[in-house]
Amino acid sequence: ASVSFSAEALSKLQKAEAAPALSLTEKQIITFKRKLGAGYVLALQRNWNEIDKVIREALSYLQHRNTESARRKFLEAGGVIALVFAIIGLLMYVNGSENKWYYGIVFGVLGAYTSIWSRYGKLVFTGLASSWLHYLEAASRLFVGVIFAVVAMFAIKCGLLFSQIGEEIAIFAYSLASFAASFSERFIPSLIEKFINESLKDNEQTIDNDIE
C-alpha cells in the first residue's frame, strides 16, 4: 500500500510540475517549483495526506500568476498603441489639422482602449497563450474600435447622427461619435438596427402607396 501511495503521489507531483507556465517570470517559476518541492519533501517523509493540498496551492499560485501576467501584457500592448495614437492626435491639433476623419480614427482607438480598461476585471485570461497572441488580441480589439468609429462617421455623413451640426464643430462631433462607438459594444449594432428598421418602414410605406 505504501508503494502504491508513493507512486501515485510522485505521479501527481510530476504532472503538476509539467503545468504550462508560459507567461511567468523566472522568479515566479522558481517560486512555483519551490511550492511543489514541499510536496517531494512530504513524499520522502511518507506524509501522503498533505501532498494533494500542496499541489492545489502550487497550481493555484501558477494560475493566478499566469492570469496576472497575461492581463499585464494585454494592457501594455493596447496602452502602447493608444499612447501612439494619442500623441498623433495631439500633434494634429497643435499643428492645426482639420481632417475630422483622422480625429475620428484617433478617438476610435482611444475609446476602444478606455473600454478595455473599464472592463479590466471582467476580462478572462487563462495565461496559457504566448505573448504574441496577447499582443495580437490587444491590437485586434483596437482595430475593431477603429472600424466602429468609421461606421459612426459614415452615420454622421448620412445624417443618421448629428444631422444638424455645423462645419465649425464637425471635428468635435466626429471625435465624440467615434469615441462613443468604439467604447460601447452596442452603439453601432443599435444604430444599424435603427437604420434597417427605418428602411423597412420606408419600403412598406412605398409598397402601400403603390397599392393604393
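In this report, the structure presented in the accompanying data block is examined.

Here is what the cut-offs are and how they apply
- Residues numbered from 1 in each chain as written.
- Predicted model: local features only at pLDDT ≥ 70, side-chain atom pairs only at ≥ 80, totals over all residues.
- Heavy atoms only, no water.
- Helix = DSSP H or I, 4+ residues; strand = E, 2+ residues; numbered from the N terminus.
- Contact = heavy atoms within 4.5 Å.
- Areas by Shrake-Rupley, 256 points an atom, 1.4 Å probe, with all protein chains shown as cover.
- Buried < 20%, exposed > 50% of the residue type's maximum accessible area, 1.4 Å probe, protein only.
- Polar contact = N/O pair within 3.5 Å; in protein donor to acceptor, adjacent residues only side chain to side chain.
- Expected span 1.5 Å × (residues − 1).
- Salt bridge = Lys/Arg side-chain N within 4 Å of Asp/Glu carboxyl O.
- Arc of directions from axis to C-beta.
- Core = buried A, V, L, I, M, F, W, Y, C linked by side-chain atoms within 4.5 Å.

## A few points about the overall build of the chain
Then comes step 1: Assigned secondary structure in the chain consists of seven helices and zero strands.
Then comes step 2: The secondary structure elements of the chain, listed N-terminal to C-terminal, are α-α-α-α-α-α-α.
Then comes step 3: Considering only contacts in the chain between residues 6 or more positions apart, those separated by 24 or more positions represent 75%.
Then comes step 4: Just so you have it, the chain exposes about 13400 Å², and 62% of that area is on carbon and sulfur atoms.

## Re the side chain of Ser115
Then comes step 1: Mapped onto the secondary structure, Ser115 falls in helix H4 (residues 100–118).
Then comes step 2: By relative accessible area, Ser115 is classed as buried at 4%.
Then comes step 3: Side-chain polar atoms of Ser115 contact the backbone oxygen of Phe183, separated by 3.1 Å.
Then comes step 4: Setting aside chain neighbours within four positions, we find Ser115 in contact with Ser182 and Phe183.

## Remarks on helix H3 (residues 51–94)
Then comes step 1: Taking 1.5 Å per residue as the helical rise, H3 with its 44 residues ought to reach 64 Å, and the 64 Å between its terminal C-alpha atoms agrees with that figure.
Then comes step 2: Once H3 ends, the next one or two residues include Gly96, with phi positive near 80 degrees.

## Observations regarding the pattern of salt bridges
Pairs can form between side chains of opposite charge once their charged atoms are near each other.
Then comes step 1: Following the criterion strictly, the structure yields six salt bridges and no others.
Then comes step 2: In this structure, the salt-bridge partner of Lys100 is Glu167, at a minimum N-O distance of 3.3 Å. A residue pair is termed long-range when its members are at least 10 positions apart, and Lys100 in helix H4 and Glu167 in the loop between helix H5 (131–158) and helix H6 (170–183) qualify at 67 residues.
Then comes step 3: Overall, Glu167 belongs to the exposed group, its relative accessible area being 60%.

## Some points on helix H2 (residues 26–44)
At 3.6 residues per turn, the α-helix brings residues three or four places apart onto the same side.
Then comes step 1: The end-to-end C-alpha distance of H2 is 27 Å, a good match for the 27 Å that 19 residues give at a rise of 1.5 Å each.
Then comes step 2: Every buried residue belonging to H2 is among Phe32, Leu36, Gly39, Leu42 and Ala43, and all of these are buried. Burial along H2 is one-sided: seen end-on, the buried residues are contained in an arc of 120 degrees. For H2, the exposed residues lying more than 90 degrees away from the buried face are Glu26, Lys27, Arg34 and Leu44.
Then comes step 3: Remark: Arg46 follows H2 within two positions and exhibits a positive phi of approximately 60 degrees.

## Observations regarding the nonpolar core
Then comes step 1: Counting residues in hydrophobic clusters, the biggest one holds 15 residues, and the most contacted among them are Leu13, Phe32, Leu36, Trp48, Ile51 and Ile55.
Then comes step 2: Elements with a contribution of two residues or more to this core: helix H1 (2–17), H2 and H3.
Then comes step 3: A per-element tally of this core places H3 first, with six residues.
Then comes step 4: With sequence-adjacent residues up to four places away left out, Leu13 is seen in contact with Leu36, Gly39, Tyr40, Ile51 and Ile55.
Then comes step 5: Membership of the second largest hydrophobic core comes to 11 residues, among which are Ala77, Val109, Ile116 and Leu142.

What is shown is where atoms sit, not what they do.
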